[in-house]
Structures are given as C-alpha cells and as structure tokens.
Amino acid sequence: MSQVEIPPWTPPWRVVVCDRVIRVSAAHVRGEDGWECPTQIAVKARPAVQVDREPSLRPTYPPFHSFALGLARDAAYSVTASGTDPEVALDRVCASASGEVADAARSVAREALQGYLIVLARLRDAGTLPSETVVREFFAADEVDVRVEWSAWGLLHVSRDGADREYHVLTWEQAGTRRRDPAYLAVYARVAADAIMKQEGSLWRERWPAAPAQPGPAQRVRVREIGVLDATDALLLDISADEARERFAGVVAERVQVLGGGATNPGTRCASCAVRYECPGPARMPGVLGVAGPALWTRGLSPGDLTTARTCTWQVHLERELSLPRARRETTEAMIRGTHLHSWLEHAHARLVPCSLDDLPLPGEGLGDVAELLGWDEPSYAALRPFLLQHIAACPLSRDDAVAVYPEQSLTAWDTDVDVVMSTRADLVVDTPSGWVVRETKSVAVHHEMPQTAADVFERYPQVALTLCLLADGLDPVTGGVAVDPRPARVEVEILRPDGHEVRGFHTGDPEAVLIARASIAEAVDTILYSPPEPTVGRHCSWCPVSRWCAAYRASSGPSGAEAVEDDVEVQGAERPRMSLLAYAESVTVEIESDIPF
Ligand code: SF4
Ligand code: SF4
Ligand SMILES: [Zn+2]
C-alpha cells in the first residue's frame, strides 16, 4: 500500500509545535468544498500545533452542550464496550459533558441511543453482525516522515477473532439516503482494516498510544450507516481488508490536499472555530448589527435565525444553541421551483451576458442552452419558463456596464461588539464601474405584492437588510475583506411570478434605508441575545422543524395538521405578523446542512 502524502501547512499566526502528528478524520476528506473551510481543517488535523495566544485572550464557549448525537454515541460506546445499562450510561455521559445538557438535548440523545440499540439487536438477530463484538476506540496509523493517524467517528465492532469488522457511521435518520464521498468511506474502511486499539486515557493533543492487547488479523470490513432516530441502516461498503488497504491511497490522495489549508471560507462556523481570534477570514465589523451590549460567548447567526426569533425564540434555542436535529421536510413544489430557478439563473449569469428570449424557446421547440446544460426535462422546462420569461425584463445583466459577476457569494462578518458572526449568501453580485449590485431572486406561485414599506421588505427578506448593512459598512462582497473607503452598492430583491415581476432596491448611500435595515436586524439580534428564550405555541408550530423536541408544543393540544403555508399565512390578518410568517414559512423549508462537526 502506497503512503498518502499530506501537504504541508504553514500557519498564518504564531504557534507552538508540541509534536509533528497529523490526525486525519474521515470528515476532513468528504470533499464538501462549499461547506467547509480548508484552514479550519488544516488546524483540526494538527492537534499538537497550538496557537501561541495572548493569555488574556480567552475564547468563550456557550454554556450548553450542543452535540446530542455525540452524547448518544458516547453512551452507546459505554453500553457496547462495557455492558453498562443504557440509562446509567446516558446519565454518566451527560454528567461528564462539557456544558450543561438541556432536557431537550437529553431526550434527543435518549431516543438516538434507543434507536441505535434497536438496529444493533436487529443486525445481531439477522446474523449480519456477530453476536459478540469488541467495541473500543480504534485508529489507524502511517509512520513515514511524520506520524499520520487516521480516525473515523462512529462505533467500530470487531469480532472476537478480529477477522470481521463493521464500522457504524451515525446519522440522525434515513440512513443511506445521503451521498457519502468515496474518500470519506475509504477512511472508515482503512481504520476498520488496520484498527489499532487506543490506550485508555489517550489525550487528544498527543499522538495516540496503542493499547497492550490488539485484535487479530482482519479479513472482511463493512461500513454501515445507522439512522439513530428512525432505526434505519444501510450497508455502504463491504470489502476485504486487503481491498480496503489497496484502494485507500488512490481514493484519498486528492482529497487530503485540503489539509494544506491556504484558503479560508468564513461562515457561521467561525463562531465556534478554535482559531477565530487569529484567523483573518471573518471580516471584523464592530457595530454592523446595530446592537451594543455584553456578550457571553461567540454566536453564529444567519438571517433565518432573525426570522425565527420574531416567531419563537425557543426554536432558536433548540435549533441554533442546542443544534437539535431538524425534521426532514417533504420536498415541496416551491422548494423544487426555487432550487431549479436558482441554478438556471446561476448558470445563465456566469456567461456574463444578459438573459434573453433566445435562452427560452417555446416548449416543444427545445429547452435552450442553460436548461439543456442542467439536464431539465420538457415538463420542468415548461413549468418554469413563465418565471424565467419574467426575469428577462428584470435581468441585472441587461445593464451594459457589468464588469464581472459572482453568483452564490457568501458574505460573512463578525460584529465584535456583540460577538456575533453573521453570514448570508447573495444570489448574485455584479461588479460595475459605479459600484456593486447585489441581487436576491425569489419566486412565488401566487400573486404576492412586494411588501410596501422598507421595514416590511427587511422583515420579509432579512438577508436584504443584512447585505445592505454589511456593504454600507464596507464589506467587499467578493474578497470578504473590509474596505476603508467603501464602494457604493445597491442591494435588490427581485420577485418572479408567472404573470409578473418586481424589483425593489436599496442604496448604501441612502442613510434612511440603512438605518431602517440596521434597526430591523438589531431588534431581532437583541431578542436572541438578551431575552431568555421562551416557547410561543401557535399554528406556526406545525411547520416548526424542531417541534418534536419542544415540550411546550407537546403539552399543548397542538394545532391539527399542517395546512398549506400560504393559506395559513393568509388567515393571520394584520400586516406585520403576516410579513413575519411569510418569512418564517420560507425559512423553515430551507434544509440546513447538519453533520458531524469533526
Ligand atoms: S475562523 Fe472561520 S475562516 Fe478562519 S479558520 Fe476558522 S472557520 Fe475558517
Ligand atoms: S414547536 Fe412551536 S413553541 Fe415549540 S419551538 Fe417550535 S415554534 Fe416554538
Ligand atoms: Zn438574467
């Protein structure tokens, strides 16, 4: 088996190197570029390289434990490794967790633990898994110039003779439905094949020593995903131990390039990143959110959280502070339409030419270059064409001075006054000689007018308010840095309907608009930061993605059935709640990528 070469990394800040050990977790090589930060991965993979930090600068941590799947995994480990009673195991794990384990998090962990044990019993009954297995903390290692340790998060079961090995990758639910990168699976298979039992009490920051006793030689390795909340399982890999070793280097070689760091990819992840004080990635923008006050710990928020806070602060607590699993929503027609329209516009605008009628032939006479490139079928094209026709008149590139376009641009700022990292994603940024144009595009099936007042627009589309404030204070939407002399910018929201369109824009040079935008953000951020979270039970609970974990909702009789979102919003009457609810309905249907944080 050839060795995998790990690229070197030169930390852009002062460090103390205690040892030259590299520790690569399967999660580091899953290749989800859009969602991960290479510098953060480079840091995580070097546990013995520590930031040489001013002792007075101490990172703050949230008071809550926010990794319920980790609690369940550790309790399952205790049950399977030492035969501890599940309830006792969970109690011990919760008692020794860093941060307070909230009741809701404990319930989630308990359900997850039960689900895991159900799957385990099923696999054993079916004879798929040996009736007795050894479960310990295992890793694999290569020793060339530096020591490279390979690790994978989950539970590895080894048969008594060592020959049969099965790695359990834990996920919340619907095992097997999510694409797992071959490199990610290769690390699981390699650790299973070359499993070294770790000595008890090994420290994270030091190279892991091997325990005195080790398993017998491996023959077969399997990687199985387990959905702990719905007791599902899916076999992802079943190969010989030799094959796992042979395939390994070839499959992971390219993916480990991310360990060379280099680029940063700021986002809400910066709020919990160990090097956030030193890293130049997140733009420091004190005061940009318009809130001043003491901060107890660094938080990461998105515009969706502001919308949620206007409806129920308890949901922000369950979702954001405790990171409890969100219910997977049925994919709605509106979601599919939104996703398809976004990709069409993204690809069309990347050409740097205005969208035109030539791109939208009559149904039956072709799909046009963009829809063809995206692999749309006739019926999808016919259904979406009316929206796209409306866009042609509103296309931001129909202006003749566009110099460059940047679709799907992520904007992040760290308001160091309130210690909040806020991140949003702009659909399109256009560079023009007279400044930036940032465009957000929404589609609605039924006739919704654009909200009338600026305050209503900002409440309905908090990402527009946030983008306006960030750009007004000098955030460069392309480099992510802060300009001393901000360029002028216009932030626009475009609404597409099958029978019309509207574009509403705000200029960073309009102090009143910026003031209203900042007040709108500040009000919601202030609520999240300084009001104790409280459940607000109502009809909206039927859309709440974490209602399953909400004791107040369960205690109430619970609104019956989930009516169509738009019908429900219509009955709310008054303008302001309607605006909040429309925004809420949209925000809860957006899937958030939730995964193992290592
Ligand atoms: S602070 Fe943000 S940008 Fe910097 S390494 Fe951490 S996650 Fe990446
Ligand atoms: S179920 Fe209702 S009360 Fe509970 S967190 Fe969700 S929105 Fe709030
Ligand atoms: Zn266009």
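Throughout, residues of each chain are indexed from 1 in the direction in which the sequence is written. As they are written, the chains are lettered A onward and the ligands numbered 1 onward, keeping that order. Given that the model is predicted, a residue must reach a pLDDT of at least 70 before its local features are reported, and side-chain atom pairs must reach 80 or more before they are shown or counted; all residues, however, enter totals for whole chains, interfaces and linings.

S.K.: An account of the nonpolar core is needed here, citing residue identities and associated values.
M.R.: We define a nonpolar core as a collection of buried residues of the types Ala, Val, Leu, Ile, Met, Phe, Trp, Tyr and Cys that are connected via C-beta atoms lying within 7 Å of each other. Here exposure depends only on C-beta density: within 10 Å of a residue's C-beta, 20 or more other C-beta atoms make it buried, 12 or fewer make it exposed, and intermediate numbers make it partly exposed, the C-beta atoms being placed from the backbone. Counting 153 residues, the largest nonpolar core has Ala-72, Val-187, Tyr-188, Val-191 and Leu-468 as its most contacted members. It is helix H5 (residues 182-193) that provides the largest number of residues to this core, a total of ten residues. Counting contributing residues per domain, this core is built from domain 1 (68-256) and domain 2 (309-327 + 531-588), each supplying no fewer than three. Met-579, Leu-581, Leu-582 and Ala-583 belong to the second-largest nonpolar core, a separate cluster that totals five residues. Strands here are runs of E lasting at least two residues and helices are runs of H or I lasting at least four, both read from the DSSP assignment and numbered beginning at the N terminus. A domain assignment, automatic or from a database, supplies the domain bounds used here.

S.K.: Outline the domain arrangement of the protein, listing residues and values.
M.R.: Looking at the assigned domains, one finds that the protein contains domain 1 (68-256) and domain 2 (309-327 + 531-588). Relative placement of domain 1 and domain 2: their C-alpha centres are 35 Å apart. The partner domain 2 presents five residues to the eight residues of domain 1 that form the contact. Of all the elements, helix H4 (residues 103-125) adds the most residues to the side of domain 1 that touches domain 2, at four residues. In terms of residue class, the side of domain 1 that touches domain 2 is built from seven nonpolar, one polar and no charged. Contact between two residues is assigned whenever their backbone-derived C-beta positions fall within 7 Å. Asp, Glu, Lys and Arg are counted as charged, while Ala, Val, Leu, Ile, Met, Phe, Trp, Tyr, Cys and Pro are counted as nonpolar; the rest, among them Gly, fall into the polar class.

S.K.: Describe the confidence of the model for the protein, listing the residues and the values that go with them.
M.R.: Predictor confidence is given residue by residue as pLDDT, running from a minimum of 0 to a maximum of 100. Residues of the protein with pLDDT of at least 70 account for 93%, and the chain-wide mean is 91. Note that pLDDT drops below 50 for residues 559-576; the model gives that stretch 18 contacts with residues more than four away or on any other chain. Here residues 590-598 is a poorly scored stretch, pLDDT under 50, and it has twelve contacts once near neighbours within four places are set aside; other chains count.

S.K.: Quick one: what's the story with the sheet that holds strand S6 (residues 147-151), residue by residue and with numbers?
M.R.: Whether two strands pair depends on DSSP finding at least two bridges between them. Strand order in the open sheet formed by four strands is S2-S6-S5-S9, and the pairing between neighbours is mixed. Strands at the two margins of the open sheet, each flanked by one partner only, are strand S2 (21-25) and strand S9 (196-197). In terms of strand pairing, strand S5 (residues 138-143) meets S9 through two bridges, oriented antiparallel. The residue bridging Phe-138 from the neighbouring strand is Met-197, located in S9.

S.K.: Kindly report on the site of ligand 2, identifying the contributing residues and their values.
M.R.: The criterion for a residue being near a molecule or strand is simple: its C-beta atom, placed using the backbone, must lie within 6 Å of it. Around ligand 2 sit 15 residues, and of these Cys-312, Cys-541, Cys-544, Cys-550 and Tyr-553 come closest. Looking at the shell around ligand 2 element by element, the count peaks at three residues for helix H8 (residues 313-321). Grouping the amino acids of the shell around ligand 2 by side-chain chemistry returns eleven nonpolar, four polar and no charged.

S.K.: Now, about H8: what can you tell me, with residues and values included?
M.R.: Burial of H8 is extensive: seven of the nine residues sit out of reach of the surface. Here H8 has its buried residues at Trp-314, Gln-315, Val-316, His-317, Leu-318, Glu-319 and Arg-320. Of the residues trailing H8, Ser-323 is marked for its positive phi of about 50°.

S.K.: Before we move on, could you go through H5 and cite the residues and values that matter?
M.R.: Here the expected length of a helix is defined as 1.5 Å per residue gap, with one fewer gap than residues. Taking 1.5 Å per residue as the helical rise, H5 with its twelve residues ought to reach 16 Å, and the 16 Å between its terminal C-alpha atoms agrees with that figure. For H5, the buried fraction is high: eleven of the twelve residues fall into the buried class. Residues of H5 that are buried include every one of Ala-183, Tyr-184, Leu-185, Ala-186, Val-187, Tyr-188, Ala-189, Arg-190, Val-191, Ala-192 and Ala-193, and no others.

S.K.: I'd love a proper account of the sheet that holds strand S7 (residues 155-159), names of residues and values included.
M.R.: Taken in spatial order, the five strands of this open sheet run S4-S7-S8-S10-S11, and their pairing is mixed. At either margin of the open sheet sits one strand with a lone partner, and together these are strand S4 (133-136) and strand S11 (232-240). Direction aside, the axes of adjacent strands within the sheet are offset by 25° on average. In terms of strand pairing, S4 meets S7 through four bridges, oriented antiparallel. Considered in S7, the bridge of Thr-133 is made with Ser-159. For every element, the axis is a line fit to its C-alpha atoms; helices are fit only across the contacting stretch, and the angle between N-to-C directions ranges from 0 to 180 degrees.

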